[in-house]
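Structural overview
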Amino acid sequence: MNGNGVWRRTHDNGSLRPHDVGREVTLMGWVHARRDLGGLVFIDLRDREGVTQVVANPQESDSAAAAAAQVRSEYVIAVRGVVAARPAGTENPKLATGAVEVRARELRVLNPSETPPFSIADDGPVDEAVRLKYRYLDLRRPSMLHRLRLRHRAAKAIRDFLSAEGFLEVETPMLIKSTPEGARDFLVPSRLQAGKFYVLPQSPQLFKQILMVAGVERYFQIVRCFRDEDLRADRQPEFTQVDIEMSFVDRDDVLSLGERMIASVVRETLGRDVALPLPQLTYAEAMARYGTDKPDLRFGMEIHDCSATFRGSQFQIFAQALAAGGVVCGIRVPGAAGYSRREIQELEALAKAAGAAGLVAAPLDPAGVRGPLAKHLSAATDRELRERCGAGAGDLLLFVAGPAPAASAALGRLRLDLVRLRPELRDRVGFDRARLSLVWVVEFPLFERAADGALGAVHHPFTAPLDEDLGALDTQPLSVRANSYDLVLNGVELGGGSIRIHRHDLQQRVFAALGISPGVARERFGFLLDAFQYGAPPHGGIALGFDRMVMLLAGDESIREVIAFPKTQSATDLMTGAPSEVDPAALEEAHIRVRLD
Ligand code: ASP
């Protein structure tokens, strides 16, 4: 006890062991559970580090027992007492402290608690809206504290790794001019300059490039980014990114750095090794073999382009697709030849939902393909098809015919749905949910055509084209590949980056291809272009989504689980009530008039 009667905690609730028996201790924490056996009261006392059993026995201390009888779940209490071995047979092997208990001599209520809206001790499923409203209670649950710890350890591993690699952590401003990452900006009105706005950064992209011009050479930041997008389970309006930029490097340097960093995070958080170097797929390969630029490589079931086999086929659906310049793609579903008509119809519905015009199913028996396709196949094409897809008796082949990226994309979606919905397939395709399957996808197209026909940057307008494609920049821009890369983990894009354009003339050509006039370029990022006039080193970088990374390390399916105070799908903070209306005086000062029509 210190001078003013305030007790000092001697131990946390996860630390007492048999060798502490006989020790006088003071514990503090929350009442996790309480059992009253008619005067004899057992309290599970919890803090961040664990749970210790406290026993208040009227025969040992009347006052402690009387106080213990009053406490309820989540009261904050302090207990002074003596550590004792639990009577033989009452030890709790599930608790680290389960061999001992503290016999209370004195017990103080430091603060009572209302009855919580859900049990902290149970740690079972609770409606997410309730969890978010009472996030302080939700975070008290051991599983959530575990996530906060995991996040902390991941951040520390990143800082340690990058510091050892010579990176400097530099903060960049939050109130900035727009950075083009392709999302909508959050606006912040300027009070001092009427009618003007800052935006919140979608990423520190332009600042990190300017830091390279400034000679920092190796920059990183674990930084909050803001994008006003429609939200999904793995998106939040504000999210955290591990942002990296390096000078005098080429793509291999950035990939090597990125993968060694991830391996170090996995080692420090999960104690698991990641085999390096990571595999790489070009964007074109990923699209052809998995129908997506975020392939989940935890299992096979690759897509096969069977167009050559079906060229000249009498089978109308395929003949028409091929004649229209499309493709016929197939996947082999092992051991699924016996799927019923209804099951196939369900798969067809999934394929259609993923954009396919239809699905052709071809079960295989020892003699070859059966079903409607069979009569249109010669013995030679039947064999060729089986060889191409690696299929044999008992397998099912599923085909989608149509325009090139759409057909493989639909099969790519179906491939994921099959593993999700058909547990019996998982073993057959070697799916291991616990595996961490990392892959680089490289050489994305530099440009894409937007719905309105205009060219847009797939990554951002500062991404360098591949040298060997420079010749096509002005004539066939859509064929130009970017010197860019994405890191994909278990089918989720962890992040990406690129080698940047560092020369004025090339930047002008890319702006021209994007339809960004010199005037507009000057108005939007003149400061970057100016900086580039003063000796910009060759540079490149990457940004990885930190929330997603921690989500995958935790085995969660939503980034909300690993963010202390996340927002809902409608971008609301249920605990604070943000966004909310503000005082009219504040609007006045910010020169804002609100119109709700
Ligand atoms: N700024 C990019 C992003 O946020 C990443 C990068 O190019 O480094 O996606």
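Below: a short report on this structure. (Residues numbered from 1 in each chain as written. Predicted model: local features only at pLDDT ≥ 70, side-chain atom pairs only at ≥ 80, totals over all residues. Heavy atoms only, no water.)

**Overview of the overall build of the chain**
Just so we agree on the cut-off: Numbering goes from the N terminus for both helices and strands, where a helix is a DSSP run of H or I of at least four residues and a strand is a run of E of at least two. Between buried and exposed lies partly exposed: a residue is buried under 20% and exposed over 50% of the maximum accessible area for its type, with that area taken using a 1.4 Å probe on protein chains only. A contact between two residues is defined here by any heavy atoms of the two lying within 4.5 Å. Neither His nor the chain termini are counted; the positive set is Lys and Arg, and the negative set is Asp and Glu. Taken as the charge location is NZ of Lys, CZ of Arg, CG of Asp or CD of Glu.
Helix and strand counts for the chain come out as 17 helices and 22 strands. The principal-axis extents of the C-alpha atoms in the chain amount to approximately 95 × 70 × 55 Å. Buried residues in the chain amount to 49% of all 597 residues. Considering only contacts in the chain between residues 6 or more positions apart, those separated by 24 or more positions represent 68%. Charge separation in the chain, taken as the distance between the mean sites of 73 positive and 78 negative side-chain charges, equals 2 Å.

**Things to note about the site of the ligand**
Filter applied, for reference: The near set for a molecule or strand comprises every residue that places at least one heavy atom within 4 Å of it. Under the rule applied, a polar contact is a pair of N or O atoms within 3.5 Å (in protein, one hydrogen donor and one hydrogen acceptor; residues adjacent in sequence only if both atoms are side-chain atoms). A 1.4 Å probe and the Shrake-Rupley method give the accessible areas. Residues count as covered only by the protein chains that appear here. For this classification, Asp, Glu, Lys and Arg are treated as charged, while Ala, Val, Leu, Ile, Met, Phe, Trp, Tyr, Cys and Pro are nonpolar and the rest, including Gly, are polar.
The ligand sits among 14 residues. The nearest are Glu181, Gln205, Lys208, His459 and Arg500. A distance of 2.6 Å separates a nitrogen atom of the ligand from a polar atom in the side chain of glutamine 205. Histidine 460 is positioned with one of its side-chain polar atoms (N or O) 3.0 Å from an oxygen atom of the ligand. Protein coverage of the free-state accessible area of the ligand, which is 270 Å², stands at 92%. Those elements that provide at least two residues to the shell around the ligand are helix H5 (205-213), strand S21 (492-499) and strand S22 (539-545). Examining the composition of the shell around the ligand, we find that three residues originate from one element, S22, more than from any other. Its residues assigned to classes, the shell around the ligand comprises two nonpolar, eight polar and four charged.

**Some remarks on the pattern of salt bridges**
Using the following cut-off: Think of a salt bridge as a Lys or Arg side-chain nitrogen and an Asp or Glu carboxyl oxygen that are within 4 Å of each other.
The tally for this structure, following the rule as stated, stands at 50 salt bridges. Arginine 105 is the partner of glutamate 24 in a salt bridge, and the nearest nitrogen-oxygen pair spans 3.4 Å. Taken as a pair, glutamate 24 in strand S1 (residues 24-37) and arginine 105 in strand S5 (residues 100-111) lie far apart in primary sequence, 81 residues in all. Among the salt bridges present, the one from arginine 80 reaches glutamate 106, with a minimum N-O distance of 3.6 Å. One end of the pair, arginine 80, is in strand S4 (residues 76-85); the other, glutamate 106, is in strand S5, and 26 residues separate them in sequence. Linked by salt bridges that have partners in common, Arg131, Arg135, Asp138, Arg141 and Glu561 make up one network.

**What about the packing of helix H10 (residues 341-353) against helix H12 (residues 404-421)?**
Filter applied, for reference: Between N-to-C directions, angles span 0 to 180 degrees; the directions come from axes that are lines fitted to C-alpha atoms, helices contributing only their stretch in contact. Oblique is the label for any angle not covered by the other classes, which are roughly parallel (under 35 degrees), roughly antiparallel (over 145) and roughly perpendicular (65 to 115). Two helices crossing with the near one rotated counterclockwise from the far one by less than a right angle form a left-handed crossing, whereas a clockwise rotation gives a right-handed crossing.
Close contact between H10 and H12 brings their axes to 8 Å; oriented N to C, the two are set at 135°. Considering their axes alone, H10 and H12 lie oblique with respect to each other. In this structure, H10 crosses over H12, and the sense of that crossing is right-handed. Taken together, the residues of H12 that come into contact with H10 (itself represented by Leu347, Leu350 and Ala351) are Ala410, Leu414, Asp417, Leu418 and Leu421. Its residues placed into classes, the contact of H10 with H12 shows seven nonpolar, no polar and one charged.

**Points about unusual backbone geometry**
Most peptide bonds take the trans configuration, and most residues that are not glycine carry a negative phi. Looking along the chain, the bond that leaves leucine 276 and enters proline 277 is cis, with omega of -5°. Note on placement: proline 277 falls in the loop between helix H6 (251-270) and strand S11 (280-282). Here the residue pair alanine 578 and proline 579 is connected by a cis peptide bond, since its omega of 0° sits within 30 degrees of zero. Positionally, proline 579 belongs in the loop between helix H16 (546-554) and helix H17 (584-589).

**Things to note about the layout of surface pockets**
Quick note on the threshold: Grid spacing is 1 Å over the protein atoms alone, the probe is 1.4 Å, and a cavity is where that probe fits but cannot get out, while a pocket is an open set with protein on both sides within 12 Å along at least five of seven lines and lining residues have an atom within 4 Å of a point. Grid points are joined across faces, edges and corners, and a volume is the space filled by probe spheres set on the points.
Taken as a whole, the second largest pocket encloses approximately 310 Å³ of empty space. As for the second largest pocket, its lining consists of 15 residues, and the residues nearest its centre are Arg341, Ile344, Leu359, Ala361 and Pro372. Of all elements in the fold, only H10 and strand S14 (360-365) reach the threshold of two or more residues within the lining of the second largest pocket. Per element, the largest residue contribution to the lining of the second largest pocket is four residues, and it comes from H10. In the lining of the second largest pocket, the residues fall into eleven nonpolar, two polar and two charged.

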